Amino acid sequence: RPEHEHVVREALAFGDLGLLDLEDHYLSTPKKVVALFRWGVAACGAYWVLRSNDDVFLRLEPTMHLLSRHAPANVMMGLMIDGSSMHVPRPEHYNATQESLYRQTKAWAFTHSDYPSEAVPTFVQGNAMVLSRDLAFEVAEVARRPWFRLMADDVMVALLTARFAPVRLVVA
């Protein structure tokens, strides 16, 4: 688009921007998160990939101090949410589609075919999370599989990394 040409020129000149052709909408968030982790690993070669919302105040000094005490492998960091007390919202319980339920409640909903479990894993709250390179790579790679379904980005990342039993670092 012509109105974005200056951004494209900057991305090409400096290589510090990842551009996506997506509608900027909350339901696009999982695709943006996957693309961010893919870009952080492939284009930047980063040891750590940080994903945050634009309204989050990042405390970089304590974050980097905490990360420096760990090898950059098998680490997930952020505000951990214990999912054991949560229920999995199902659109069929509300006689609604996933998208219409989201528009009504601003909450993600999962069909049984997308997520057959009733359990919600412990996850890093989606407003800010750090993954080590290996876990960021896993999120990016698994999301390429044809059977993969997009869901809430924070729960999605937890599910994709759970088999590695990552070290969970909590930032208050």
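If you're wondering where the values come from, they're calculated on a predicted model, not measured in any experiment. (Residues numbered from 1 in each chain as written. Predicted model: local features only at pLDDT ≥ 70, side-chain atom pairs only at ≥ 80, totals over all residues. Heavy atoms only, no water.)

(A) Region of interest: unusual backbone geometry. Residue Asn 74 is not a glycine yet carries a positive backbone phi of 60°. Secondary-structure assignment places Asn 74 in the loop between helix H3 (60–68) and strand E2 (75–81). (Helix = DSSP H or I, 4+ residues; strand = E, 2+ residues; numbered from the N terminus.)

(B) Region of the structure containing helix H6 (residues 153–161). Counting buried positions over the nine residues of H6 gives eight, a clear majority of the element. Every buried residue of H6 is accounted for by Asp 153, Asp 154, Val 155, Met 156, Val 157, Ala 158, Leu 160 and Thr 161. Those residues of H6 hidden inside the fold are in contact with helix H2 (29–42), strand E1 (48–52), E2, strand E3 (123–132) and helix H5 (133–142). (Buried < 20%, exposed > 50% of the residue type's maximum accessible area, 1.4 Å probe, protein only. Contact = heavy atoms within 4.5 Å.)

(C) Looking closely at the nonpolar core. Ranked by size, the top nonpolar core spans 29 residues in total, and within it Phe 37, Met 76, Phe 110, Leu 131, Val 139, Met 156 and Val 157 carry the most contacts. For this core, the secondary structure elements donating two or more residues are H2, E2, E3, H5 and H6. No other element matches H6, which puts five residues into this core. Not counting chain neighbours up to four residues away, the residues in contact with Phe 37 comprise Val 49, Arg 51, Met 129, Leu 131, Ala 136, Val 139, Ala 140 and Val 157. (Core = buried A, V, L, I, M, F, W, Y, C linked by side-chain atoms within 4.5 Å.)

(D) View of the environment of Ala 11. Residue placement: Ala 11 occurs in helix H1 (residues 5–14). Not counting residues within four places of it along the chain, the set of residues in contact with Ala 11 comprises Asp 16, Leu 17 and Leu 19.

(E) Focus on the pairing of E2. Where burial is concerned, most of E2 is hidden: five out of the seven residues are buried. Two elements, E2 and E3, share five bridges in a ladder whose sense is antiparallel. Following the sheet pairing, Gly 78 is matched in E3 by Met 129. (Pairing = 2+ DSSP bridges.)

(F) Layout of the environment of Trp 48. Relative to the elements of secondary structure, Trp 48 occurs in strand E1. Between the C-alpha atom of Trp 48 and that of Leu 150, which follows or precedes it by 102 residues, the distance is 23 Å. Among all residues touching Trp 48, those that are not within four sequence positions of it are Leu 67, His 70, Ala 71, Pro 72, Val 75, Val 130, Leu 131 and Ser 132.

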